[in-house]
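Chain and residue survey
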Amino acid sequence: MLRGCVSLARGLRPGLRAAPHGAWPGPRLAAAPQPFWGHTAGFSQLGRPKDFALPNPSWSQDMMSLYNKFAEMAKDGTWKRIPSYDRSVDHLPERVRQAFKEVRQDTRFFLRNTDAEGIGFEYVMFLNPTEKRIVCLFQPGPYLEGVSGFAHGGSIAAIIDSTVGGCAIFAAGKVMTANLSINYRNPIPLGSVVLVDSKVDRIEGRKVFLSCEVRNVDGQTLHAEATALFIQLDTKTSQQQEACSP
Ligand SMILES: CCCCCCCCCCCCCCCC(=O)SCCNC(=O)CCNC(=O)[C@H](O)C(C)(C)COP(=O)(O)OP(=O)(O)OC[C@H]1O[C@@H](n2cnc3c(N)ncnc32)[C@H](O)[C@@H]1OP(=O)(O)O
């Protein structure tokens, strides 16, 4: 518990530090809340979707130094940062996107369901195409609380599902989760940073088998481990080369 508290304190920026007695000072809103049905929040003034997978002031020092490390490794193309938007389809490579005939305008990608920085899912994913691997840097905010002070298991499942899902999309195009099995080993303090490290283990026909580990920044603490099965829905979207290009 002590270790968790130390990590929590270290992982938070002053503006998001926990108030006495565990109460949160309240979110710092980056923008006024937008109506759900309006779907204007994610668009910049240029009319382009906002890329949420870029540093913002809520990112802790741990988050920033990991981000800088991966950004450095991305310079030679070994790793690629995956942009992240508030609509699911905007994440998808063109070939996969075309497989969705109708795209609703009033939906939001679950992990990007708020515009307020730092209170929900703060994350960025990096893809290693050669290794069919995605590492997600994840900083769970105070609105993801489960047991007091720690990330909700459902939020951990969501970030794992999305990270292995990214790997499966890369490997097989249009897919859906058929099975996700998680062992929770150690709680994740809110505001700390963890690495969600996932890879494709094997592909059998339409079935994509993946595995994932969630560890703290120094790698010493295993927070969760998971296996997943994704089913390919459309064989025409399976070209990795296409999926790999931004
Ligand atoms: C460069 C790239 C950038 C990408 C950048 C992305 C960044 C950001 C990523 C965001 C990523 C978000 C990822 C969210 C992903 C969801 O949240 S998906 C939502 C949750 N999942 C669902 O709702 C799925 C519900 N289930 C279904 O619709 C259907 O059961 C399925 C999964 C499509 C499968 O149905 P089906 O196509 O009819 O397939 P079916 O014939 O039943 O089964 C095919 C085979 O799989 C096996 N199978 C099916 N289900 C199972 C199971 N549960 N267990 C074991 N075996 C099974 C069958 O036994 C069969 O095996 P074989 O007989 O062929 O050996």
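Coordinates for the structure precede this section.
Residues numbered from 1 in each chain as written. Predicted model: local features only at pLDDT ≥ 70, side-chain atom pairs only at ≥ 80, totals over all residues. Heavy atoms only, no water.

Quick notes on the overall build of the protein chain
In terms of regular secondary structure, the protein chain is built from 5 helices and 7 strands. Listing every helix and strand of the protein chain by position from the N terminus yields α-α-β-α-β-β-α-β-β-β-β-α. Counting the 246 residues in the protein chain, one finds 46% classified as buried. Excluding contacts between residues fewer than 6 apart, the proportion of contacts in the protein chain whose partners are at least 24 apart in sequence is 67%. (Helix = DSSP H or I, 4+ residues; strand = E, 2+ residues; numbered from the N terminus. Buried < 20%, exposed > 50% of the residue type's maximum accessible area, 1.4 Å probe, protein only. Contact = heavy atoms within 4.5 Å.)

Structural notes on the sheet that holds strand 5 (residues 194-204)
Across the sheet, which stays open at both edges, the 7 strands sit in the order 1-2-3-5-6-7-4 with antiparallel pairing between neighbours. On the outer flanks of this sheet lie strand 1 (80-82) and strand 4 (174-184), each paired with one strand and no other. With strand direction ignored, the average angle separating the axes of adjacent strands in the sheet is 25°. Here strand 3 (residues 133-140) runs beside strand 5; their pairing, made up of 6 bridges, is antiparallel. Bridging across to strand 5, V135 finds its partner in D197. (Pairing = 2+ DSSP bridges. Axes fitted to C-alpha atoms, helices over the stretch in contact; angles between N-to-C directions.)

Points about the nonpolar core
Counting 37 residues, the largest nonpolar core has Y123, F138, I159, I160 and L210 as its most contacted members. Those elements that place two or more of their residues in this core are strand 2 (121-128), strand 3, helix 4 (153-172), strand 4, strand 5, strand 6 (207-216) and strand 7 (222-234). Beyond its immediate sequence surroundings of up to four residues, I160 is in contact with G165, L180, I182, V196, C212, V214, A224 and A226. (Core = buried A, V, L, I, M, F, W, Y, C linked by side-chain atoms within 4.5 Å.)

Some details on the pairing of strand 3
Of all the 8 residues making up strand 3, 7 are buried; the element is thus mostly covered by neighbouring parts of the structure. Where strand 2 meets strand 3, 8 bridges bridge the pair, whose relative direction is antiparallel. Looking at the pairing, N128 lines up with R133 of strand 3. Between strand 2 and strand 3, which follow one another and run antiparallel, lie 4 residues, and K132 among them has a positive phi close to 50°.

Considering the pattern of salt bridges
Under the definition given, this model contains 12 salt bridges. Its salt-bridge partner being D106, residue R104 comes within 2.6 Å of it at the nearest N-O pair. Assessed through its relative accessible area of 22%, D106 is described here as partly exposed. Between R133 and E131 there is a salt bridge, with the nearest N and O atoms lying 2.9 Å from each other. Residue E131 is classed as partly exposed on the basis of its relative accessible area of 42%. (Salt bridge = Lys/Arg side-chain N within 4 Å of Asp/Glu carboxyl O.)

Here we look at helix 4
Look at helix 4: 27 Å from first C-alpha to last across 20 residues, which is about the 28 Å you get at 1.5 Å a residue. Among the 20 residues of helix 4, 16 are classified as buried, and the element is accordingly described as predominantly covered. Downstream of helix 4 by one or two residues, G173 has phi in the positive range, about 75°. (Expected span 1.5 Å × (residues − 1).)

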